Amino acid sequence: MDFPSLRRVGMDALGPATRALMVGGAVLTVGTAVVAALEAPPISISDASIVYLVPVVIAGALFGTWAAIGTAVGAFALYDFLFIEPLRTLAIEDPREWLELLLFLFIAVAIGRLTARESERAREAARRAQESQALFAISRMLATTPSLEGAAPAVVERLARDATMDRIWIALETPTKPRILADTHADRPPPGATTVWTLARTRGELPAQWVRVHVGQIRGGRSVVTASALFRVKMEADGEVLGYLWALRARHTGMPAREHTRLLALAADQLALAVRREQLAGAATEAEVARRSEALKTALLDSVSHDFRTPLGSIRATAGSLADPAIGWTTDETRRAGLTIEAQVDRLSRFVTNLLDASRIESGALRAELELFPVPELVEPVVTRLRPTANGRSLRVELDADLPPVRVDPVLFDHVLTNLLENALRHTPDAAPIRIGARSPDPACVDVVVEDGGPGVSPSTFPRLFDKFSAPARRDEGGRRGLGLGLSVVRGLVEAMGGEARAVRSDLGGLAVHISLVAGAEPPADADDS
Amino acid sequence: MTASAQILIVEDDEPTRRSVVVNLSAHGYSLEEAAGGADALRRWDARRPDLVILDLGLPDIDGPAVIRRIRREATTPILILSARGEERDKVTALESGADDYVTKPFGMAELRARIGALLRRAGGSSVDADGIVTLGAVRLDAARRTATVGGAPVELTPREYELLKVLLSHPGRLLTRGRLLRAVWGTAYSEEGHYLHVYVSRLRRKLAAADPSGQTRDLIVAEPGVGYRIREVDAARS
């Protein structure tokens, strides 16, 4: 129950006792007028004292038990004084009237107390509801926003409103100076004071108390406030002080109400938990990164031992056989053995290049020296070089006419295209066609694609295809394993050149890897050209 | 003719050196070996070989220093052996005066092809007395500034003509990007690599269009990050 209109005329500025007296007087006056009207002709009710219960209920509802009792006693005296013979005295002639009046007093006090208690309960329930709503809102903000940093501004806004504070900010403890996580008035530096109300909390059920603490140096900020009181609540988790929740409000408004204090205390707990969670999550991420890097190293060693040992084994075996005097090699056999060794060395050499590229990408030491190149200039040398290793397979090159030149590092692009083509050649059956295409979807970009008609990989693995040592590279028939480095190098190199690499299903049926590159303008024609 | 040529190989890795010596000897060259830069220069002074194969990663003397020392005295072809991923070193060596390079690990057939091309170039310019440069089907008439492929005329802009001329005048030799730019566009353009790539591309297209036989298809070979060379038509056929 509330009288907003009374608030508006400045009731808030008065003390609660004065207010009770004023309201009590007013309702009693109205009550008396009603009683007088009822007992006078033409109604002439012999005893209208029951009407006085209304002021008692109002007083009880608005101001509690004591106001209700006061009003009851006042009504009792007024009725006696004004309506019981002899009039204008507190004396009572008829002993029956005495009894009636005492009965009235008793009932009035009882009803007043009941009303007061009920209304207090209702108010408390409303306060609790508001408080839990505020708390719920704050928990939600903290839980649903990915980072504490993101949630904190909304939290302080909400707290300032619900705890009726002029300003709220969160200061996190750091080894140097406190870090302001959020502030409802972030445009101004947080103020400080020489005395700060600190919320003293006990572990038990005892309510928290605001304790005035004289802080030697000014805490909380640079500018000192005098017209406002400064409140702070410790944010603590696992026995560690993580920071303080600060609040500021005008000194004359007094101490925060109990529910506001409770809200601030609970919000500080929530915030402390959120801070702690974020700290732990950070630690967990670091642990995860370390774990993954360890896994990567293991995979690398695995890949190296496979990718390197296989050709090395083949070279070793061939060379050993060549050196064996017991074998009568024909000239043709010797030549083939030599070619085997050459092919295996080329394979090893490719792995070394990829490993070097991968480590340069990883360490950030890769610097692309970008220059504008016509696409055919880039594509044709690679195709010419690899065609002999394609065993006469279909290797179609379809470059659109009038492609703009692309901005690439020619050496890196060579590695990219070599990797893609070798990948396609190695991982698809001999009958599957391979196509290299290039087109310019818009003047700022050229899309180069290497696609094949092989069995392809499952679309669900596309996003992971460019990861180092990703599984799909090992999926194909023949039990081939190892590699896994090629496509990750492709992506690393393409990104170093400002481009993008992505995998899709090819119209040919297999895998299509698209490389989009930054295009530039053709240089002007000769000034002296006719 | 070239088969009797004397070659100095400078390489500190013994197995590599041995293999090259065995192979080239079998192909009729006579070889001189050096394991370091100082040794190499001594042998160079004593024997004046017809060609030098030089490993860039020598233990004692910096590769380019050896190249410059040789260049001060002669135009003897120098072929560089270099490890992968050292494009800058290759460019430095070429700008110091080296003629070409092969990357380790290299194939012997490739090495011999390069040696053959360099020795032929050293044997004499392919420009004849009338100022006509001929390479396979391609003919440049310096006096008229015209080009033909297999007799069919090719319409070239002045810069395209210049570029083709510079390339054809150094068959078998790897010309760095900077060198080509300076020769064709002038020193102010030595950093404008994209001019070169685009012009080479146009040149290739025009030559291919004039030559349905496809002989000129791979005439100009790109060495990514380094420069261009003219593929030796004759060497490739032999």
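A quick note: this is a predicted structure, and the numbers were derived from the prediction, not measured. (Residues numbered from 1 in each chain as written. Chains lettered and ligands numbered in written order. Predicted model: local features only at pLDDT ≥ 70, side-chain atom pairs only at ≥ 80, totals over all residues. Heavy atoms only, no water.)

Okay, the interface of chain B and chain A next. Between chain B and chain A, the contact holds 25 residues from the first and 22 residues from the second. Summing both sides of the interface, chain B and chain A together bury roughly 2,100 Å²; the carbon and sulfur share of this comes to 50%. Counting across the chain B and chain A interface gives three salt bridges. Measuring nitrogen to oxygen at the nearest pair gives 2.5 Å for the salt bridge that ties Glu369 of chain A to Arg88 of chain B. Here chain B is connected to chain A by five residue pairs in polar contact (both at pLDDT 80 or more). Among the secondary structure elements, those contributing two or more residues to the side of chain B that touches chain A are helix H4 (87-96), helix H6 (158-169) and helix H8 (193-210) of chain B. Residue contributions to the side of chain B that touches chain A peak at ten residues, all from H8 of chain B. Residue classes in the side of chain B that touches chain A are distributed as ten nonpolar, seven polar and eight charged. (Contact = heavy atoms within 4.5 Å. Buried area = accessible area lost by both parts, 1.4 Å probe. Salt bridge = Lys/Arg side-chain N within 4 Å of Asp/Glu carboxyl O. Polar contact = N/O pair within 3.5 Å; in protein donor to acceptor, adjacent residues only side chain to side chain. Helix = DSSP H or I, 4+ residues; strand = E, 2+ residues; numbered from the N terminus. Nonpolar A, V, L, I, M, F, W, Y, C, P; charged D, E, K, R; others polar.)

Moving on to the nonpolar core. Core analysis: the biggest nonpolar cluster contains 77 residues, and Leu421 and Ile515 of chain A together with Leu163, Leu164 and Tyr228 of chain B have the highest contact counts within it. Ranked by the residues each element gives to this core, the list is headed by helix H10 (residues 410-427) of chain A, at eight residues. In this structure, Leu164 of chain B is in contact with Val138, Leu140, Ala147, Leu156, Leu203 and Leu207 of chain B, ignoring residues within four places of it in sequence. Among the nonpolar cores identified, the runner-up in size contains 40 residues, and Ile138, Leu199, Ala267 and Val275 of chain A belong to it. (Core = buried A, V, L, I, M, F, W, Y, C linked by side-chain atoms within 4.5 Å. Buried < 20%, exposed > 50% of the residue type's maximum accessible area, 1.4 Å probe, protein only.)

Okay, the pattern of salt bridges next. According to the stated counting rule, one finds 51 salt bridges over all chains in the structure shown. A network of salt bridges, in which partner residues are shared, links Glu120, Arg123, Glu124, Arg127, Arg128, Glu131, Glu259 and Arg262 of chain A.

Below, the discussion takes up the confidence of the model for chain B. All names here are of chain B. In this model, chain B carries an average pLDDT of 85, and 92% of its residues clear a pLDDT of 70 or more. Looking at the elements of chain B, mean pLDDT is at its lowest for helix H9 (residues 233-237), recorded as 45, and at its highest for strand S1 (residues 6-10), recorded as 95. The low-confidence segment residues 234-238 (pLDDT under 50) makes three contacts with residues lying over four places distant or belonging to another chain. Taken together, the chains of this predicted complex give a pTM of 0.57 and an interface ipTM of 0.76. (pLDDT = per-residue confidence, 0-100.)

This brings us to the side chain of Lys90 of chain B. Residue and element names in this part refer to chain B. Looking at where Lys90 falls in the secondary structure, it is placed in helix H4. Exposure remark for Lys90: the relative accessible area of 4% places this residue in the buried category. Aside from chain neighbours lying at most four places away, what touches Lys90 is Ser82, Ala83, Tyr101, Thr103 and Val226.

The next thing to look at is helix H11 (residues 486-496) of chain A. All names here are of chain A. Of all eleven residues that make up H11, eight are buried, and the element is covered over most of its length. Those residues of H11 hidden inside the fold are in contact with helix H8 (331-363), H10, strand S12 (500-505) and strand S13 (511-518). Just past H11, the residue Gly498 takes up positive phi, approximately 80 degrees.

The subject of this paragraph is the pairing of strand S5 (residues 228-237) of chain A. Residue and element names in this part refer to chain A. Among the ten residues of S5, eight are classified as buried, and the element is accordingly described as predominantly covered. As paired elements, strand S3 (residues 193-200) and S5 share two bridges and run parallel to each other. From the neighbouring strand, Trp197 faces S5, where its bridge partner is Phe231. In this structure, S5 lies alongside strand S6 (residues 240-250), joined through ten bridges in antiparallel fashion. Residue pairing for S6: Glu236 is matched across the bridge by Val241. (Pairing = 2+ DSSP bridges.)

On to the side chain of Ser119 of chain A, then. Residue and element names in this part refer to chain A. Mapped onto the elements, Ser119 comes out in helix H5 (residues 95-144). Here Ser119 falls in the buried class, since its relative accessible area comes to 12%. A distance of 2.6 Å separates a polar side-chain atom of Ser119 from the backbone oxygen of Ala61. Beyond its immediate chain neighbours, meaning those up to four positions away, Ser119 contacts Gly60 and Ala61.

Residue and element names in this part refer to chain B. A grouping of Asp12, Asp13, Glu14 and Asp60 is seen on the molecular surface, where their side chains present a negatively charged patch. Summarising the element assignment, Asp12 is placed in the loop between S1 and helix H1 (14-26). Judged by relative accessible area, which is 35%, Asp12 ranks as partly exposed. (Patch = residues over 30% accessible without salt bridge, like charges linked within 9 Å, V, L, I, M, F, W, Y side chains within 5 Å. Areas by Shrake-Rupley, 256 points an atom, 1.4 Å probe, with all protein chains shown as cover. Lys, Arg positive; Asp, Glu negative; His and termini not counted. Charge placed at Lys NZ, Arg CZ, Asp CG, Glu CD.)

Turning our eyes to something else, we now look at the pairing of strand S10 (residues 434-442) of chain A. Residue and element names in this part refer to chain A. Two elements, strand S8 (residues 395-399) and S10, share five bridges in a ladder whose sense is parallel. By the bridge assignment, Glu398 is partnered in S10 with Gly437. Across seven bridges, S10 lies against strand S11 (residues 445-452) in antiparallel orientation. Within the sheet, the bridge partner assigned to Asp442 lies in S11 and is Cys445. From the end of S10 to the start of S11, which pair antiparallel, there are two residues.

Another point: the packing of aromatic side chains. Residues and elements named next belong to chain A. Evaluated as defined, the whole model comprises eight aromatic pairs over all chains. When the ring of Trp210 is compared with that of Phe231, the centres are 5.0 Å apart and the planes differ by 65 degrees; the resulting orientation is edge-to-face. With a gap of 21 residues between them, Trp210 in strand S4 (residues 209-219) and Phe231 in strand S5 connect regions that are remote in the sequence. Geometrically, the ring pair formed by Phe308 and Phe351 is stacked, given 5.9 Å between the ring centres and 25 degrees between the ring planes. With Phe308 in helix H7 (residues 258-323) and Phe351 in helix H8, the pair connects residues that are 43 residues apart, well separated along the chain. (Phe/Tyr/Trp six-rings, centres within 6.5 Å; stacked < 30°, edge-to-face > 60°.)

The next thing to look at is the confidence of the model for chain A. All names here are of chain A. Residue-level pLDDT values for chain A average 81, and 89% of them are 70 or greater. Confidence, expressed as mean pLDDT per element, reaches its minimum in chain A at helix H1 (residues 4-8) with 42 and its maximum at S11 with 94. Segment residues 1-13: pLDDT under 50, and eleven contacts once partners within four positions in sequence are set aside and those in other chains are kept. In the model, residues 471-483 has pLDDT below 50 throughout and makes 34 contacts with residues more than four positions away in sequence or in other chains.

Our next topic: a nonpolar patch on the surface. A cluster of nonpolar side chains, Leu103, Phe106 and Ile107 of chain A, forms an exposed patch at the surface whose accessible area comes to about 320 Å². Among the structural elements, Phe106 of chain A can be located in helix H5.

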